[in-house]
Structures are given as C-alpha cells and as structure tokens.
Amino acid sequence: MNKKTTNSKAFVLIVTGLVSAFGPFVTDFYLPALPALGNYFQTTASLVQLSLTFSMVGLAVGQLIIGPLSDKYGRKLPLQISLCLFCLSTIGCLYAESIYGFVFFRLLQGLAGAGGVVISKSIATDLYQGRELMRFFAMLSSVQGIAPIGAPVLGGVLLETTDWKGIFWVLLFIGMALLTSICFFRESLPAEKRQHAGVGSMFRHYLPVLRHGQFMRYVWIQAFAMGVMFVYIAASPFIFQEHFGMSPLTYSLCFGINAVGIMLGSLAASRFADALTALRFGIKGFCCLSLPVAASLLVSPSVWVVEGMLFLFLIFLGLILPGSTSLALDLERDNSGNASALLGFLMFLFGGMLSPLTGIGNMIGTTALLIVACSIGTWACMHDRKRTRKAVVFMTRR
C-alpha cells in the first residue's frame, strides 16, 4: 500500500466498498417499490422503468466527467461534491409532482452516484497493483455485494410500514452519513502524481484509452456481463411480483439471495492462479447457464426453479467482474481515472439502454432473449480479439 496514506487497508476497503456500492444501492433499494410508483404517479410500467434507465445513464455519464477531474484534483474533493449533489437530488425525488420530475431527479441521483463508482476503482489502482490489486477487487466486489443483498430487503421491509417516500428518506440519511465518513479518508493520490494539464486537455486522454484494444476487450466483456444484471434488475420486480405473485418482501429476499451468488463468485475469483484464468472460467459457466436460465423463464414451471437457476448463473457473473476490472485497469495505470470512468460509463450506458427493452412485448420472453444475447456477447469478446480491435478503431473514428 502507498505509505503516503495513513488509512489502514481495512478502512480503505470499507470506504471504497461503501461508496462504490452506493450508486448500485440507489438502484436496488427502490426496486420493490417500482409497481407502487406506477400507481402513485398514475403511469405505465415503461415510464416507471425509465426512472431506472435515467439513473443508469446518469451513472454512466457522470463517470466520464468525474474520472478525469479526480486525476487532476485528487480523489477526496470530487467524491465529497458528488455526495452533496446526491443529497440534493434525493430531496428533489421526494418532492417531485410528476413521473417526469421524478425521472429528472433520478438522473441527477445517477450523476452523483457515479463519483463513488469511478473514484473507488481509482483509489484501488493508486494503492495496489498486480495480484494484490486482483485480491483487493475481489474483496471489493464482495463488500459491494452487501448493497444488493441489503437494499431490496430493506426496501421491502420499509414498504410494509411506509410508502416509497420512506425509502428515499432513508437514502438521504445514508448519503449524509457517507459524506461525513469521507471527511476521515486520507487522499490516495499525491499532488505530484496528479494530472497538471487543463481540464479540457484531460478529456482528450480518453482517446488513447479508447484505442487500447486489449483494455477495451475487457471493458466490453464487463459491459455484456453486467448487461444481464441490468436486465434482471429492470424486469425482476414485475416478473416476481406480478407474474409469480410474490409480495415485495419475498421478492426482496430472493433478490438478496441472488446477490449472495455474486458475492460467492467474487470471493472465489481470488482462489484462481490469476485474473485471466478466473475470467475465462467465469465466462464459460456464464454462457453455459444462460440457456437453462432462459428456458426456465419461458416455461415458468415454478418460481423456485427460476430462482435456483438465477442463483447459479449469477455466481459466474461474480467470477467475471473482479477479473475483468483488474485486468483492464492494470493496463491503464497512468490514466486510471479516465480508464475507470470509461469502464463504468460503457457498463452503465449499456445497462441503461437494455433496461427499457424488457418492457417491450412479453416481458418474460424479452428478458430471456436479452440474457442469452448478452451471454453470447461476453463469449464473443473473450474469443475474438481481432473483431474487438476493429470495433475500437470504429468508435474512435466516429
């Protein structure tokens, strides 16, 4: 660990885990309330899902802005500003008078939550490298798993005693608590290692990162893998609660159990000889299980068959995430802020584009199709390096 910081490894892990999980926590916490939001605003399921999409778009775009700024001004100050914006946007959600106002403030929430997602990865890259970085990302992924476990369960419990606004009041309290905890964090990026160019020129550093074919290969692997997760997040409240007739609390417990699967996979990644071996094994299992998961959704023999298949499937997602992250960021150590931002941007933008597609036609059929398509995408990116490089060149020339 960098000796210029006095924070212990445990403190760094806890703080980075909490702030990196905060953006996804904002998404998962109100999932049990999605059907209730439709009733409150007297609107359709597609418009309610749009609040999820805009939050993901905010998480994506915010990382492109905050990543370079953290390379120039350090990690701590941009993170504090992000959390302040989050608190203000949460108040906006609470007092929104229409679904459109609510969607707008959800966009701001996403922009604010992006700070923790991108800066946490940069902090890890500041302090660790190689196998140690892989181990830290494996632990970080397991800490992040606490958010999807606790968020929907707590959301479901709250809905037993309050309405959706109670969920957002709790979010406001958590945001203020995190803002306070950051005051005790020691800056991980010394002044001499920061970018000293103008802010505008810093954004041009995205170009060499985009042209780095091997880096982009891992980015697209993670984007397709997380695409499955975002599809599941968008569709699961309606499939489990409306199709299978689960209560918000029971649905929340199922969601939490599946998050345990991701945690187990992330912890198992550190047991492999190296990150690449863990990634390859994870992708093989991910692709092999995608068809049984899709089949169980289409046939719908029992909610517990679907739940069991999803649990196994998401274990392999947990294997993919730390490996693809550590391999990608280890390649772009000198531009870690930009690289981390680009990694998060494409992941959340891709997820934000896929989420509303689940509402087209038969939701179960569309969800099954998207799960298989994303799994095939991960396999293609892992095994076709030439095609990945061509895609990168095309993107950089546009």
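Rules used throughout
Residues numbered from 1 in each chain as written. Predicted model: local features only at pLDDT ≥ 70, side-chain atom pairs only at ≥ 80, totals over all residues. Heavy atoms only, no water. Helix = DSSP H or I, 4+ residues; strand = E, 2+ residues; numbered from the N terminus. Buried < 20%, exposed > 50% of the residue type's maximum accessible area, 1.4 Å probe, protein only. Contact = heavy atoms within 4.5 Å. Areas by Shrake-Rupley, 256 points an atom, 1.4 Å probe, with all protein chains shown as cover. Axes fitted to C-alpha atoms, helices over the stretch in contact; angles between N-to-C directions. Left-handed = near helix turned anticlockwise from the far one by under 90°. Nonpolar A, V, L, I, M, F, W, Y, C, P; charged D, E, K, R; others polar. Patch = residues over 30% accessible without salt bridge, like charges linked within 9 Å, V, L, I, M, F, W, Y side chains within 5 Å. Salt bridge = Lys/Arg side-chain N within 4 Å of Asp/Glu carboxyl O. Expected span 1.5 Å × (residues − 1). Bend = angle between axes of the 7 residues up to and from the residue. Core = buried A, V, L, I, M, F, W, Y, C linked by side-chain atoms within 4.5 Å. Polar contact = N/O pair within 3.5 Å; in protein donor to acceptor, adjacent residues only side chain to side chain. Phe/Tyr/Trp six-rings, centres within 6.5 Å; stacked < 30°, edge-to-face > 60°. Lys NZ or Arg CZ within 6 Å of the ring centre and 35° of its normal. 1 Å grid on protein atoms, 1.4 Å probe; cavity = no way out; pocket = protein on both sides within 12 Å on 5 of 7 lines; lining within 4 Å. Points joined across faces, edges and corners; volume = space filled by probe spheres on them. pLDDT = per-residue confidence, 0-100.

> Help me out: how do you make sense of the overall build of the chain in this one?
If you tally the helices and strands in the chain, you get 17 helices and zero strands. Counting over 398 residues, the chain shows a buried share of 58%. Once local pairs closer than 6 in sequence are excluded, the contacts in the chain between residues at least 24 apart make up 87%. Carbon and sulfur atoms make up 68% of the accessible area of the chain, which totals about 15500 Å².

> I keep staring at the packing of helix α12 (residues 248-269) against helix α14 (residues 303-331) and nothing clicks. Help me out?
The axes of two packed helices give the description: the angle between them and the distance between them. α14 packs onto α12 with a crossing angle of 35° between their chain directions and a minimal axis gap of 6 Å. Here the hand of the crossing between α12 and α14 comes out right-handed. Residues C254, I257, N258, V260, G261, I262, L264, G265, S266, A268 and A269 of α12 lie in contact with α14, whose contacting residues are W304, E307, L310, F311, L314, I315, L317, G318, L319 and P322. A per-class count over the contact of α12 with α14 returns 15 nonpolar, five polar and one charged.

> Would you mind showing me how to read a nonpolar patch on the surface here?
A cluster of nonpolar residues, L88, I91, Y95 and W169, forms a patch on the protein surface that exposes about 460 Å² of accessible area. Here W169 lies in helix α8 (residues 164-182). The exposure class of W169 is partly exposed, given its relative accessible area of 44%.

> What am I meant to see in helix α3 (residues 45-73) here?
Note on helix geometry: an α-helix contains 3.6 residues per turn, so any two residues three or four positions apart are oriented the same way. With 29 residues, α3 ought to run about 42 Å at 1.5 Å a step, and its terminal C-alpha atoms sit 41 Å apart, in line with that. The largest bend in α3 comes to about 30°, at Q63. Looking one or two residues beyond α3, the residue adopting positive phi is G74, at roughly 90°.

> Help me out: how do you make sense of the environment of H243 in this one?
Along the chain, H243 falls in helix α11 (residues 213-243). Those residues within four positions of H243 in sequence are excluded, and the remaining contacts are F238, S300 and I364.

> What is the right way to read the nonpolar core from this model?
Inside soluble globular proteins, nonpolar side chains tend to come together where they are buried. The biggest cluster of nonpolar side chains holds 124 residues, and the ones touching the most others in it are F102, F168, M229 and L317. Excluding residues that lie within four positions of it along the chain, F102 makes contacts with Y30, L37, F41, S51, C93, A96, W164 and F168.

> Even after reading the chapter, I still don't get the environment of N258, so can you show me in this structure?
By the element assignment, N258 lies in helix α12. Along the primary structure N258 and F313 are separated by 55 residues, whereas in three dimensions their C-alpha atoms are 9.0 Å apart. Only 3.2 Å separates the side chain of N258 from the side chain of E307, close enough to count as a polar contact.

> Looking at this structure, how should I read the packing of aromatic side chains?
Each aromatic ring pair is summarised here by two numbers: the centre-to-centre distance and the angle between the ring planes. Under the defined criterion, the tally for this structure stands at 18 aromatic pairs. When the ring of F281 is compared with that of F316, the centres are 6.0 Å apart and the planes differ by 40°; the resulting orientation is tilted. Of this pair, F281 sits in helix α13 (residues 275-299) while F316 sits in helix α14, and the two are 35 residues apart along the sequence. Of note, R106 hangs over the ring of Y30, and the distance from its end group to the ring centre comes to 4.1 Å.

> In this structure, what is going on with empty space enclosed by the protein? I would like to understand it.
One water molecule sets the probe size; rolling that probe over the atoms shows where empty space is left. Applying the stated rule across the entire model yields three cavities of 30 Å³ or more. A volume near 60 Å³ is recorded for the second largest cavity. What lines the second largest cavity is simply Y232, A235, S236, I239, F240, L297, L310, T367 and I371. Sorting the residues of the lining of the second largest cavity by element identifies α11 and α16 (363-383) as the ones contributing at least two each. Top contributing element to the lining of the second largest cavity by residue count: α11, with five residues. For the lining of the second largest cavity, a count of residues per class yields seven nonpolar, two polar and no charged.

> Would you explain the confidence of the model for the chain in this entry?
Detailed reading of the predicted coordinates is not advisable wherever pLDDT falls low. Looking at the chain, pLDDT values average 80 and 89% of them are 70 or higher. Ranking the elements of the chain by mean pLDDT puts helix α17 (residues 385-397) last, at 43, and helix α4 (residues 76-94) first, at 91. This model gives residues 386-398 a pLDDT under 50, and the stretch forms 14 contacts once residues within four places in sequence are excluded.

> Any chance you could explain the side chain of S51 here in plain terms?
Within the secondary structure, S51 sits in helix α3. Here Y30 takes part through its side chain, which lies 2.7 Å from a polar atom of the side chain of S51. Other than its neighbours up to four places away in sequence, S51 contacts Y30, F102, V103 and R106.

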